[in-house]
Amino acid sequence: MIALTGASGHLGQLTLTHLLQKTPASQLVAIVRDPAKLGTHRHPGIAIRTADYDDTVALEEALDGVETLLQVSSSASGSVASRQELNVVQAAAAAGVRKIVYTSTLVPGADAVFLAGRTCGATEQAIKDRGLAYTFFRNSMYFETIPLFIGNALQDGVIYYPGGNGKVSFVSREDIAEALAIVLTESGQHENVDYRITGAEALSFAGLAGLLNARKGVDAAYLDIPEADFVEELGKAGVPQAEIEFTVSMAASIRAGEFEAVDDRLEKLLGRKRRAVSTYIGEL
Ligand SMILES: NC(=O)c1ccc[n+]([C@@H]2O[C@H](COP(=O)([O-])OP(=O)(O)OC[C@H]3O[C@@H](n4cnc5c(N)ncnc54)[C@H](OP(=O)(O)O)[C@@H]3O)[C@@H](O)[C@H]2O)c1
C-alpha cells in the first residue's frame, strides 16, 4: 500500500489525483488530520486514516500495512516542523514502512541559510539513519509562491523584496505531483537517491518583473528593499516573530543562491517538458 501524509493539502491532493490514474484506489491510504478537508478527493476506494503529526501513536496506526510513504514536509516551521517530521519518520520505521518518498527542499542541511532547509536536512538524515529506503524530492519554489513574492505588482507595478540578484528556479506544483505519483508507483526504482526538482530556468526578481511586463502588459520593476525594511513591514502587518524569521531566512537563502539550481530530473521523470513559468504568469 502507498500512503500520503498531508493528503488534504495542495500537493497531497494533486498527487492523489495522479496516483488514482496509476494504481487502484484500494492500494492508497490518505493520512489527514481532518478528513473533511479531503474535499472532492474523498474517493470511495481510498482508505482515510486520521493522524496529527504530533500524535505518534496515531501516526503509527495510520501507517499499518503501508509499504511506501509519501512524507509531505511539515507546513509548520522551526522546532515544531522538525519535531513533527521526526515523528513521522519514527512512526514509519516502527510500523515497518519500507520506503519514504520525502518532499525536501533544494538545498537541505545544517548549514542551509533557509530555515526549512535545516529541518529538511535533519529529516533526510533521520530517514537514512533508520535504514529506510528513500527518494528525496529536493523541490525548488512552487510557481504558486510567485503571487506572494510579487505582492501588488500587478496593480502598482513594483515588486518589493529583499532578494538581491538571487534567482529562483520556480517549478510547477502540478508537475511535482505527477512526478511523485510516478516515483511512488515505480516499485524498486528511484531507491536511495535525491532528485533536484526544479523549473527549466532560474528567474531573478528583475526577470520576474520582465515577465509581468511581457505576459501581463504591466510596466513592472523590481525594487530590492533592505532586509530591515522588510522585517519592519512584516512586523507592522502583525506577522508573528517566528514567521518573520522564517520569511527573512527565505529571502537570505534566495540571495545566497540556494534556489537557483536548474536540473532536468523532473523532465526525465515526466517524460515531457515541464510547465513553463511564463505560462503560469500569463494566467495570473
Ligand atoms: N516548495 C515550495 O515552494 C513550498 C511552498 C510552500 C510549502 N512547501 C512545503 O511543501 C509542503 C506541501 O505543500 P502544500 O502546498 O501541499 O502545502 P499545504 O497545502 O499547506 O498542505 C499542508 C498539509 O499538511 C497538513 N498538516 C499541517 N499540519 C499538520 C499536522 N499537525 N498534522 C497532520 N497534517 C498536518 C495539512 O493538513 P490540513 O489540511 O488539515 O491543514 C495539509 O494537508 C508544505 O507542507 C511545506 O512543507 C513548499
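Residues numbered from 1 in each chain as written. Predicted model: local features only at pLDDT ≥ 70, side-chain atom pairs only at ≥ 80, totals over all residues. Heavy atoms only, no water.

Chemist: Mind laying out the site of the ligand, listing which residues take part and the relevant values?
Modeler: As a matter of local geometry, the ligand sits amid 20 residues, with Ser8, His10, Leu11, Ser73 and Ser74 nearest to it. Within the backbone of serine 140, a nitrogen or oxygen atom sits 3.0 Å from a nitrogen atom of the ligand. With the chains in place, 79% of the 890 Å² that the ligand exposes on its own is no longer accessible. In the shell around the ligand, the residues fall into six nonpolar, ten polar and four charged. (Near = heavy atom within 4 Å. Polar contact = N/O pair within 3.5 Å; in protein donor to acceptor, adjacent residues only side chain to side chain. Areas by Shrake-Rupley, 256 points an atom, 1.4 Å probe, with all protein chains shown as cover. Nonpolar A, V, L, I, M, F, W, Y, C, P; charged D, E, K, R; others polar.)

Chemist: Tell me about the pattern of salt bridges, residues and numbers included.
Modeler: Evaluation of the coordinates by the stated rule reveals 15 salt bridges. The salt bridge involving glutamate 67 is made with arginine 98; its shortest N-O contact spans 2.9 Å. Linking glutamate 67 in the loop between α2 (56–62) and β4 (68–71) with arginine 98 in the loop between α3 (78–95) and β5 (99–105), this pair joins segments that are 31 residues apart in sequence. The exposure class assigned to glutamate 67 is partly exposed, which follows from its relative accessible area of 34%. Across the salt bridge formed by arginine 196 and aspartate 263, the nearest N and O atoms sit 3.1 Å from each other. (Salt bridge = Lys/Arg side-chain N within 4 Å of Asp/Glu carboxyl O. Helix = DSSP H or I, 4+ residues; strand = E, 2+ residues; numbered from the N terminus. Buried < 20%, exposed > 50% of the residue type's maximum accessible area, 1.4 Å probe, protein only.)

Chemist: Describe the pairing of β4, and please don't skip the residues or the numbers.
Modeler: Along β4, one buried face is formed by Thr68 and Leu70 and the opposite face, lined by Leu69 and Gln71, is buried too. Relative to β4, strand β1 (residues 2–4) is paired through three bridges, and the arrangement is parallel. Bridge pairing links leucine 4 to leucine 70 in β4. When β4 meets β5, the two strands line up parallel, connected through four bridges. By the bridge assignment for β5, leucine 70 is matched with valine 101. With α3 bridging β4 and the parallel β5, this β-α-β connection has right-handed handedness. (Pairing = 2+ DSSP bridges. Right-handed = clockwise from strand over helix to strand, strands pointing away.)

Chemist: Which residues make up the nonpolar core, and what values do they have?
Modeler: Among the nonpolar cores identified, the biggest contains 35 residues, and Ile159, Tyr161, Phe170, Phe205, Leu208 and Ile254 are the most heavily contacted of them. Per-element tally for this core: the top contributor is helix α10 (residues 241–255), with six residues. Aside from chain neighbours lying at most four places away, what touches phenylalanine 205 is Phe149, Ile159, Tyr161, Gly163, Gly166, Val168, Tyr222 and Ile254. In this structure, Ile2, Ala7, Val72 and Ile197 belong to the second largest nonpolar core, which totals 30 residues. (Core = buried A, V, L, I, M, F, W, Y, C linked by side-chain atoms within 4.5 Å. Contact = heavy atoms within 4.5 Å.)

Chemist: Break down the side chain of arginine 173 for me, with residues and values.
Modeler: Within the fold, arginine 173 resides in helix α7 (residues 173–185). No salt bridge is formed by the buried arginine 173. Its closest oppositely charged neighbour is glutamate 144, at 4.1 Å. Those residues within four positions of arginine 173 in sequence are excluded, and the remaining contacts are His10, Leu11, Leu14, Tyr142 and Glu144. (Lys, Arg positive; Asp, Glu negative; His and termini not counted.)

Chemist: Go over the packing of aromatic side chains, please, and point to the residues and values.
Modeler: Under the definition given, this model contains twelve aromatic pairs. With centroids separated by 4.9 Å and ring planes inclined at 35 degrees, the aromatic side chains of tyrosine 161 and phenylalanine 205 adopt a geometry described as tilted. Taken together, the residues tyrosine 161 in strand β7 (residues 158–161) and phenylalanine 205 in helix α8 (residues 205–216) connect sequence positions 44 residues apart. Considered together, tyrosine 161 and phenylalanine 205 belong to a single accessibility category, that of buried residues. Consider the rings of phenylalanine 205 and tyrosine 222, whose centres lie 5.5 Å apart with planes at 35 degrees: the pair is tilted. Placement of phenylalanine 205 in helix α8 and of tyrosine 222 in strand β11 (residues 221–224) is noted, with a sequence separation of 17 residues between them. The exposure class assigned to phenylalanine 205 is buried, which follows from its relative accessible area of 1%. (Phe/Tyr/Trp six-rings, centres within 6.5 Å; stacked < 30°, edge-to-face > 60°.)

Chemist: How would you explain the sheet that holds β5 if you had to name every residue and give the values?
Modeler: Across the sheet, seven strands lie side by side as β3-β2-β1-β4-β5-β6-β9; this open sheet has parallel pairing. Each of the sheet's edge strands pairs with one partner strand only, and the pair in question is β3 (47–50) and β9 (193–197). The mean angle between the axes of side-by-side strands here comes to 20 degrees, regardless of whether they run parallel or antiparallel. Each of β1, β2 (28–32), β4 and β5 touches helix α1 (residues 10–20); the most contacted strand, β1, lies at about 160 degrees to it. Each of β4 and β5 is contacted by α3, which is oriented at about 180 degrees to β4, the strand it contacts most. (Axes fitted to C-alpha atoms, helices over the stretch in contact; angles between N-to-C directions.)

Chemist: Account for a negative patch on the surface, naming residues and giving values.
Modeler: A cluster of acidic residues, Asp55, Glu60, Glu61 and Asp64, forms a negative patch at the surface. Along the chain, aspartate 64 falls in the loop between α2 and β4. (Patch = residues over 30% accessible without salt bridge, like charges linked within 9 Å, V, L, I, M, F, W, Y side chains within 5 Å. Charge placed at Lys NZ, Arg CZ, Asp CG, Glu CD.)

Chemist: I'd like to hear about unusual backbone geometry, residue by residue, with values.
Modeler: You will see that histidine 190, though not glycine, has its phi angle at about 55 degrees, which is positive. Secondary-structure assignment places histidine 190 in the loop between α7 and β9.

These results come straight from atomic positions and should not be treated as a statement about function.
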